[in-house]
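A structural walkthrough
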Amino acid sequence: MNRTKITLLIVGLAILGAILILPAASECSWDFMHSVWGPADLLVAGQPPYQLHPYYGPFVAPRWPQNIGFNFWMGWPPCPLSARLWLAVELIGFAAAAWLLNDRRKPLPWQVGVMVLFFFLFPPLFMHIQLGQFSLLFAAMMVWLVFSPADGFPPARMPWHLALLVVLGAAKPQLCVLIYPGLLALTIRQHGWRGALRLAGMCLAVLALCLVPLFLFYPAWVSGFLDVTHYNLAAGFNLPTPFIQLFIRFGTAGIFYWLPIFLACLGISLYLWLKKGAQVGMLWSMALTPIATLYASSWDFVLLLPLFFWMLLHFRRAGSRAALILGTLLAYVLQILPRLGNTDLHDGSQWWVPPVMVAVYALVWMLEHWLAHDKDGAVRAD
């Protein structure tokens, strides 16, 4: 049995075990029901998966069609069971991503302890799990995308399973605004336009396969998808992104204040993808995404965690590791304190979290490189 089959077997057993161990939910996770299970349940019943007045509630937030098509089978089991399966896949996938971040090596015990502690203490994680959100799985897929190929990313011939990760990641396109331009730029640089077109062709083929269940169960789904998408884009939410917060405070002029922020994040992201490689580029792009994107909620801040884990695992100077832990812990405390005794903390008030945590990461990154200089000024570590 080769490594791939062994890995799939282990992951399958782990998911099964997690489903059995996780406590049964009395009701289905809110966002999971509205975004995945509900549309899948309608689809397998031959009803339009995208509709403005679904039976399970007045809120419509289904994911993009490749997600619904790929997960259509989740509409057959009862929602609590599907929700537990979703959570199990997210947690195990993220744990496996942490293993990849350490180059498939077993972390030191203290590193495992810190990662587990900082993972479960991260304030946005509670809401993410409670709602059955997607961002944790997205982060795991993006780590797998660039850290799993043995010959580096992008490989000369992209495997189909990596193309699937690209397609499924686009189920929330607002999370891809920095990652996919970097992925495309690096592919063009290493394999030329022919390689980029080959990747695009594979992704289109995988997308077409993901859409097959939609056309089989309800061929007229497209009009409903357009209606729901227009409805969601027109809805005004107080979200914790610079774009929304600047627009709320300054109106249309806020868009022009936000544009330099986005261009700076995009420039940094592309520079890192092209100069430091896919792995560093991916980690920083994920961390910068809540700052650059137009649309994100606080539970999307889990995209900040992979960079923290990678720095904890790879930085060799005790001073920089201590600064990373203390700086991140301070950011956690500043998030937790307003929640004590306050059950009405608005999501938009958390806009400061990504800039603060990214600033901590940037300062620790510079500290690590400064400590790595020898007497002659030569850098000994990336």
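Residues numbered from 1 in each chain as written. Predicted model: local features only at pLDDT ≥ 70, side-chain atom pairs only at ≥ 80, totals over all residues. Heavy atoms only, no water.

1. Focus on the packing of aromatic side chains
Formally: By convention, a stacked pair of Phe, Tyr or Trp rings (six-membered ring in the case of Trp) has centres within 6.5 Å and planes under 30 degrees apart, an edge-to-face pair has planes over 60 apart, and any other such pair is tilted. A run of H or I in DSSP counts as a helix once it spans at least four residues, and a run of E counts as a strand once it spans at least two, with each numbered from the N terminus.
The tally for this structure, following the rule as stated, stands at 25 aromatic pairs. When the centroid spacing of 5.3 Å and the interplanar angle of 50° are considered together, the rings of Phe 118 and Tyr 332 count as tilted. One end of the pair, Phe 118, is in helix α5 (residues 109–121); the other, Tyr 332, is in helix α15 (residues 318–336), with 214 residues separating them in the sequence. Here the aromatic residues Phe 94, Phe 118, Phe 119, Phe 120, Phe 122, Phe 308, Phe 309 and Tyr 332 are joined through ring pairs into a cluster of three or more.

2. What about empty space enclosed by the protein?
The line we're drawing: Note on definitions: the grid is 1 Å and covers protein atoms alone; a cavity is a set of points where a 1.4 Å probe fits but cannot get out; a pocket is an open set with protein on both sides within 12 Å along at least five of seven lines; lining residues have an atom within 4 Å of a point. Grid points are joined across faces, edges and corners, and a volume is the space filled by probe spheres set on the points. By the convention adopted, Pro, Cys, Tyr, Trp, Phe, Met, Ile, Leu, Val and Ala count as nonpolar, Lys, Arg, Asp and Glu as charged, and the other residues, Gly among them, as polar.
Within the structure shown, the criterion is met by one cavity of 30 Å³ or more. By volume, the largest cavity is sized at about 70 Å³. Lining the largest cavity are Pro 154, Pro 155, Ala 156, Met 158, Thr 187, His 191, Gly 195, Arg 198, Leu 199 and Met 202. Per-class residue counts for the lining of the largest cavity are six nonpolar, three polar and one charged.

3. Digging into the confidence of the model for the protein
Applied cut-off: Note: pLDDT gives the predictor's confidence per residue, expressed from 0 to 100. Should any heavy atoms of two residues lie within 4.5 Å, those residues are counted as being in contact.
This prediction gives the protein a mean pLDDT of 87; 88% of its residues lie at or above 70. The element-level mean pLDDT for the protein is lowest in helix α1 (residues 3–21), coming to 54, with helix α13 (residues 278–292) highest at 97. Low confidence marks residues 378–382, where pLDDT is under 50. Its contacts with residues over four positions away, or in another chain, come to eleven contacts.

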